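What follows is the residue order along each chain.
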Amino acid sequence: MRFFATFIFTIILFHSNGQEKPSFIGIRSGASIPFGEYHAADLDEGSFTLTGFNVSAEGAWFFHPRFGVGGSAGINLHPVDVALLGYEKVKADPFLEDVTIRSEPYQMITAMAGIYTQLPIKEKFFFTGKLLGGLLYGITPYQLYKPKYFMVGPDYYEITSARDWKFSWQAGIGLRYNISTCFGLVFDSDLFYDKLIFGFKSALGTRHEEHTISFINTTLGIRFNL
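Residues numbered from 1 in each chain as written. Predicted model: local features only at pLDDT ≥ 70, side-chain atom pairs only at ≥ 80, totals over all residues. Heavy atoms only, no water.

Enquirer: Is there a simple way to think about a negative patch on the surface in this case?
Expert: A grouping of E37, D42, D44, E45 and E210 is seen on the molecular surface, where their side chains present a negatively charged patch. Along the chain, E37 falls in the loop between β1 (24–34) and β2 (52–64). By relative accessible area, which is 33% here, E37 ends up partly exposed. (Patch = residues over 30% accessible without salt bridge, like charges linked within 9 Å, V, L, I, M, F, W, Y side chains within 5 Å. Areas by Shrake-Rupley, 256 points an atom, 1.4 Å probe, with all protein chains shown as cover. Salt bridge = Lys/Arg side-chain N within 4 Å of Asp/Glu carboxyl O. Lys, Arg positive; Asp, Glu negative; His and termini not counted. Charge placed at Lys NZ, Arg CZ, Asp CG, Glu CD. Helix = DSSP H or I, 4+ residues; strand = E, 2+ residues; numbered from the N terminus. Buried < 20%, exposed > 50% of the residue type's maximum accessible area, 1.4 Å probe, protein only.)

Encoded structure:
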């Protein structure tokens, strides 16, 4: 919060250059779409994630009409396809007749900073781009399993949540339409791709699993020109 407050103050401090150098703050929300192994229905490498939700805030100070520095912070929720996960579990275990699964979503939290750019297309329309680096913090879902075995088996078992973080990156492109000199609408598409290693605790010790984290955010938002 201190970093964010300092960042906003820095942008406001350079407000006098706002008309020529389009500094801004804004909020966005939209779909968060997993792909690749993160979306795959594979018990060994996939995470069985579905399209989820993103909300984020960002701002930038433009030291040049086309280039600036800024940052973005957001949270992404990706639900788990429990029906498909259960189906694959039953296929893989000859003693398992059926299973009911309850699962929280995967949570991916990002806080990154870097370079922003914009290019005019026509009156009031601009192409925007960014390349950022910073924190990717992942939280796997808590899951409750209620299996039905052919013979004897547990009535239920659970997989507790695990966490990991690393320095990662974010790349994005978008379009901006200026409704007025004060604010505009933005349509952005941002790419995230990295690998996290989660440690799952059990009676036998800690089991580590590497998960590919890959998703694209397509968001609509509003930005306030400073």
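Enquirer: What is the right way to look at the sheet that holds strand β7 (residues 143–149) in this model?
Expert: Sheet strands associate in pairs through backbone hydrogen bonding, adopting either a parallel or an antiparallel arrangement. A sheet is described by the order of its strands in space; here three strands give the open sequence β4-β7-β8, paired in antiparallel fashion. Unpaired on one side and paired on the other, β4 (96–103) and β8 (157–159) mark the two borders of the sheet. Shown here is a sheet whose adjacent strand axes are inclined to one another by a mean of 25°, direction ignored. Sheet topology note: the β7/β8 ladder contains three bridges and is antiparallel. Within β8, the residue paired with Y145 across the bridge is Y157. Packed onto the sheet, helix α2 (residues 82–92) meets β4 and β7 and runs at close to 150° relative to β4. (Pairing = 2+ DSSP bridges. Axes fitted to C-alpha atoms, helices over the stretch in contact; angles between N-to-C directions. Contact = heavy atoms within 4.5 Å.)

Enquirer: Explain the side chain of E58 here, please?
Expert: Tracing the backbone shows E58 in strand β2. On the accessibility criterion, E58 (8% relative accessible area) is buried. Side-chain polar atoms of E58 contact the side chain of Y116, separated by 2.8 Å. Within the structure, the side chain of E58 is placed 3.3 Å from the side chain of K130, a separation counted as a polar contact. Setting aside its immediate chain neighbours within four residues, E58 contacts F24, I25, G26, R28, G71, S72, Y116, K130 and D188. (Polar contact = N/O pair within 3.5 Å; in protein donor to acceptor, adjacent residues only side chain to side chain.)

Enquirer: In this structure, what is going on with empty space enclosed by the protein? I would like to understand it.
Expert: Left-over empty space is what a probe sized like a water molecule reveals as it rolls over the atoms. Counted by the stated rule, this structure contains two cavities of 30 Å³ or more. Of the pockets and cavities examined, the largest cavity occupies roughly 150 Å³. Contributing to the lining of the largest cavity are 18 residues, with F24, E58, T128, D188 and R223 lying nearest its centre. Of all elements in the fold, only β1, β2, β5 (106–122), β6 (125–139), β9 (163–178), β10 (183–202) and β11 (205–225) reach the threshold of two or more residues within the lining of the largest cavity. Broken down by element, the residue count for the lining of the largest cavity peaks at four residues, all from β1. (1 Å grid on protein atoms, 1.4 Å probe; cavity = no way out; pocket = protein on both sides within 12 Å on 5 of 7 lines; lining within 4 Å. Points joined across faces, edges and corners; volume = space filled by probe spheres on them.)

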